[in-house]
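Chain by chain, the residues run as shown.
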Amino acid sequence: MNRRDLVRLGWATVIGAGAGKLRPAFAQSLAQVPGPPPHPMVATLEPKATGRAADFTLRIAPTMVELAPQVVLSTIGYSNQVPGPLLRMREGQRVAVEVVNDTDVPEYVHWHGLFVPSDVDGAEEEGTPPVPPHGRRRYQFVAKPAGSRWYHSHTEAMLDLHRGAYTGQFGFLMIDSANDPGLYDQEVFLALREWQPFLTTMDADEERPDPSDPMPEKPATPDSRPNGLEVSAPLYSINDKMLGAGEPLRVRSGQRILMHLLNASASQIHRVALPAHKFQVIALDGNRVPAPQLVSVIEIAPGERVDAIVEMTQPGVWILGELRNVARQSGMGIVVEYANQQQQRATWLPPPSARWDYTIFGQPAPHPAPDKTIDMVFEKVPGGPHGINHWLVNGKEYPHEREFVFRQGGRYRLLFHNRSDDSHPLHMHRHLFELVELNGKQTAGIKKDTVIVPAFGRVAVDLVADQPGLTLFHCHIQQHMDFGFKALFRYA
Ligand SMILES: [Cu+2]
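In this text, all values refer to a predicted model and were calculated from it rather than measured experimentally.

1. Brief notes about the coordination of the copper ion
- His424 (ND1), Cys475 (SG) and His480 (ND1) make up the full set of protein donors to the copper ion, lying at 2.0 to 2.1 Å.
- Along the chain, the residues donating to the copper ion fall in the pattern H-x50-C-x4-H. A residue pair is termed long-range when its members are at least 10 positions apart, and His424 in strand S26 (residues 424-428) and His480 in helix H3 (residues 478-482) qualify at 56 residues.

This is the structure:
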């Protein structure tokens, strides 16, 4: 038994004891937000800078997170909340966000999934200026496109597991469309997280790839070098609470609940289920899918969002949670409680086995031929300097001598070749792309900004180059990004 198992068992005991008798005294978390959220999301307590007042203010500062009774962490958060305040805006609205940095280090706030210029995108590599230590900076942009977006620190962490995505600096950002049919009774925000990361050579806790999966990029001879260090974590939560420690999600029979799921983790892909219920997936990364489908399991990678409607038709008390027992027992879950059922124990049942497959949400439509195809090959260097795995894009770690080049208005097909035994969520800043092919399966109409390329898998996406400026591309696993797995695109 290693340290991690000990820690896990310790918290599993805490959770086991707490799951049956929930503590109603906890402050309401972001988990349950009927109507307008109760957060001080438009509080502009800062002295006004010149010009008009900011629409939102975020203060980056140390904060405490009470994951469960007697499980309190110290981290860096936005405005003393984890997740940060919900930023809600109208599509097309001109928005000013004043960011105050009360820490000793420069910070970057990235607006994930928005079409914003490089100088406010919150990526050092694109030339965005930092929010200086003990200083402030105003990010101004037009809110688009509509859908579930989010914001988070984009600061490099390297070996410091108390920076960037390892902190509590993340929050939901919703851009409301005038065309939202609003066919739901309640809207909830659920961010999946790990805490207290550490380095280990043990396999990440993700489910291993199914050996029957097509692996078009698998080499004939396997890499025999020993694996290097990766990031793992002993504690999990949904929003700021471990399973059983927060307020349950209270529902009524017959309600339609719109769930906004976000994986705000630095390192792990997660799969979640709600026993006896199905999720009708209506949007991926905030963008409506052509063919909404009912699924029992949602798989979601760091950076991704899934919007799903759940019809509440099975009165009882259930656990919406991670499929892996170790993750759920270490906190990744939330109790869903129907009205007048409080006396029951929260129930978890493993879902029917189901493979997550983006393509079922697409449509069979031909893609116009791209102007150009760009091949991108990703490889692992197991156990590089410091024993950390390093990552190559087309044979080189970032930075590359020459960026990839887009011509404005051009249609590009990016062909991702994952020649490693890990799945990677690949994220393109400031653009959306459309899924074209996943391990040989064709699809169309699915717009995303982050896509999981499975172990030894191949994914093709199409993108129209219509957002001039430097554009960062990277794996959304913080450690992979920090150790080579990124690249810049520039416009000719
Ligand atoms: Cu990766």
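2. Focus on the pairing of strand S15 (residues 270-273)
- Residue alternation in S15 divides its side chains into two sets, His270 and Val272 and Arg271 and Ala273, and both sets are buried.
- Where S15 lies against strand S18 (residues 297-300), four bridges are found, and the strand directions are antiparallel. Across the sheet, the residue bridging to Val272 is Ile298, located in S18.
- In this sheet, strand S20 (residues 317-322) lies alongside S15 in antiparallel orientation, the contact comprising two bridges. Bridge pairing in S20 links Ala273 to Gly321.

3. Brief notes about empty space enclosed by the protein
- Evaluation of the coordinates by the stated rule reveals five cavities of 30 Å³ or more.
- In this model, the second largest cavity occupies a volume close to 60 Å³.
- In terms of residue count, the dominant contributor to the lining of the second largest cavity is strand S9 (residues 186-195) (three residues).
- In terms of residue class, the lining of the second largest cavity is built from seven nonpolar, one polar and two charged.

4. Here we look at the sheet that holds S20
- What the five strands build is an open sheet, ordered S13-S21-S20-S15-S18; its pairing is mixed. Since the sheet does not close on itself, it has two edges, and those belong to strand S13 (249-251) and S18, each with one partner. Neighbour-to-neighbour, the strand axes of this sheet turn through a mean angle of 20°, independent of strand direction.
- With five bridges joining them, S20 and strand S21 (residues 333-338) adopt antiparallel strand pairing. Looking across to S21, one finds that Val317 is bridged to Glu337.

5. Some remarks on the packing of aromatic side chains
- Taken as a whole and judged by the stated rule, the model has 17 aromatic pairs.
- Ring plane angle 50° and centroid distance 5.2 Å describe the contact between Trp111 and Phe141, whose orientation is recorded as tilted. With Trp111 in strand S5 (residues 109-112) and Phe141 in strand S6 (residues 136-142), the pair connects residues that are 30 residues apart, well separated along the chain. Exposure class is identical for Trp111 and Phe141. Each is buried.
- Their ring planes at 45° and their centres at 6.0 Å tell us that Phe378 and Phe416 sit as a pair that is tilted. With a gap of 38 residues between them, Phe378 in strand S22 (residues 372-381) and Phe416 in strand S25 (residues 411-418) connect regions that are remote in the sequence. An identical accessibility class is assigned to Phe378 and Phe416; each is buried.
- Joined through ring pairs, the aromatic side chains of Phe378, Trp391, Phe404, Phe406, Tyr412, Phe416, Phe473, Phe485, Phe489 and Tyr491 make up one cluster.
- We note Arg137 situated over the ring of Tyr139; from NZ or CZ to the ring centre the distance is 5.1 Å.
- Across from the ring centre of Trp195, 4.4 Å away, lies the NZ or CZ of Arg193, which sits over that ring.

6. Notes on unusual backbone geometry
- Here the bond from Val82 into Pro83 is cis, since omega is -5°, no more than 30 degrees from zero.
- Considering the arrangement of structural elements, one finds Pro83 in the loop between strand S2 (71-78) and strand S3 (87-90).
- Positive phi outside glycine occurs at Ala276, with the angle close to 70°.
- Along the chain, Ala276 turns up in the loop between S15 and strand S16 (279-284).
- According to the relative accessible area criterion, Ala276 is partly exposed, its value standing at 45%.

7. Re the nonpolar core
- The biggest cluster of nonpolar side chains holds 65 residues, and the ones touching the most others in it are Ile298, Met376 and Phe416.
- Among residues more than four places away in sequence, those in contact with Met376 are Val393, Asn394, Phe404, Leu415, Phe416, His417, Phe473, Ala487 and Phe489.
- Residues Leu58, Val120, Leu173 and Ile175 belong to the second largest nonpolar core, which totals 22 residues.

8. Some words on the sheet that holds strand S4 (residues 94-101)
- Ordered in space as S2-S1-S4-S6, the four strands form an open sheet in which the pairing is mixed. What marks the edges here is a single partner per strand, and that holds for S2 and S6. Between one strand axis and the next, the sheet turns by 30° as a mean value, whatever way the strands run.
- Pairing analysis gives seven bridges linking S4 to S6, with the strands arranged antiparallel.

9. What to know about the pattern of salt bridges
- Within this structure, the stated rule accounts for 27 salt bridges.
- A salt bridge links Lys448 to Asp285; the shortest N-O distance between them is 2.9 Å. Within this pair, whereas Lys448 is found in strand S29 (residues 447-448), its partner Asp285 is found in the loop between S16 and strand S17 (287-295), the two being separated by 163 residues in sequence. Pair check on accessibility: Lys448 and Asp285 agree, each one buried.
- The network of salt bridges with common partners includes Asp285, Glu304, Arg305, Lys448 and Asp449.

10. Some remarks on the pairing of S5
- Residues of S5 alternate between two faces, with Val109 and Trp111 on one and His110 and His112 on the opposite face, all of them buried.
- Inspection of the sheet shows S5 paired to strand S7 (residues 147-153) by four bridges, in the antiparallel sense. What sits directly across from His112, in S7, is Trp150.

Scoring rules and cut-offs
- Residues numbered from 1 in each chain as written.
- Predicted model: local features only at pLDDT ≥ 70, side-chain atom pairs only at ≥ 80, totals over all residues.
- Heavy atoms only, no water.
- Donors = N, O, S within 2.8 Å, 3.2 Å for Na, K, Ca; no water.
- Helix = DSSP H or I, 4+ residues; strand = E, 2+ residues; numbered from the N terminus.
- Buried < 20%, exposed > 50% of the residue type's maximum accessible area, 1.4 Å probe, protein only.
- Pairing = 2+ DSSP bridges.
- 1 Å grid on protein atoms, 1.4 Å probe; cavity = no way out; pocket = protein on both sides within 12 Å on 5 of 7 lines; lining within 4 Å.
- Points joined across faces, edges and corners; volume = space filled by probe spheres on them.
- Nonpolar A, V, L, I, M, F, W, Y, C, P; charged D, E, K, R; others polar.
- Axes fitted to C-alpha atoms, helices over the stretch in contact; angles between N-to-C directions.
- Phe/Tyr/Trp six-rings, centres within 6.5 Å; stacked < 30°, edge-to-face > 60°.
- Lys NZ or Arg CZ within 6 Å of the ring centre and 35° of its normal.
- Core = buried A, V, L, I, M, F, W, Y, C linked by side-chain atoms within 4.5 Å.
- Contact = heavy atoms within 4.5 Å.
- Salt bridge = Lys/Arg side-chain N within 4 Å of Asp/Glu carboxyl O.

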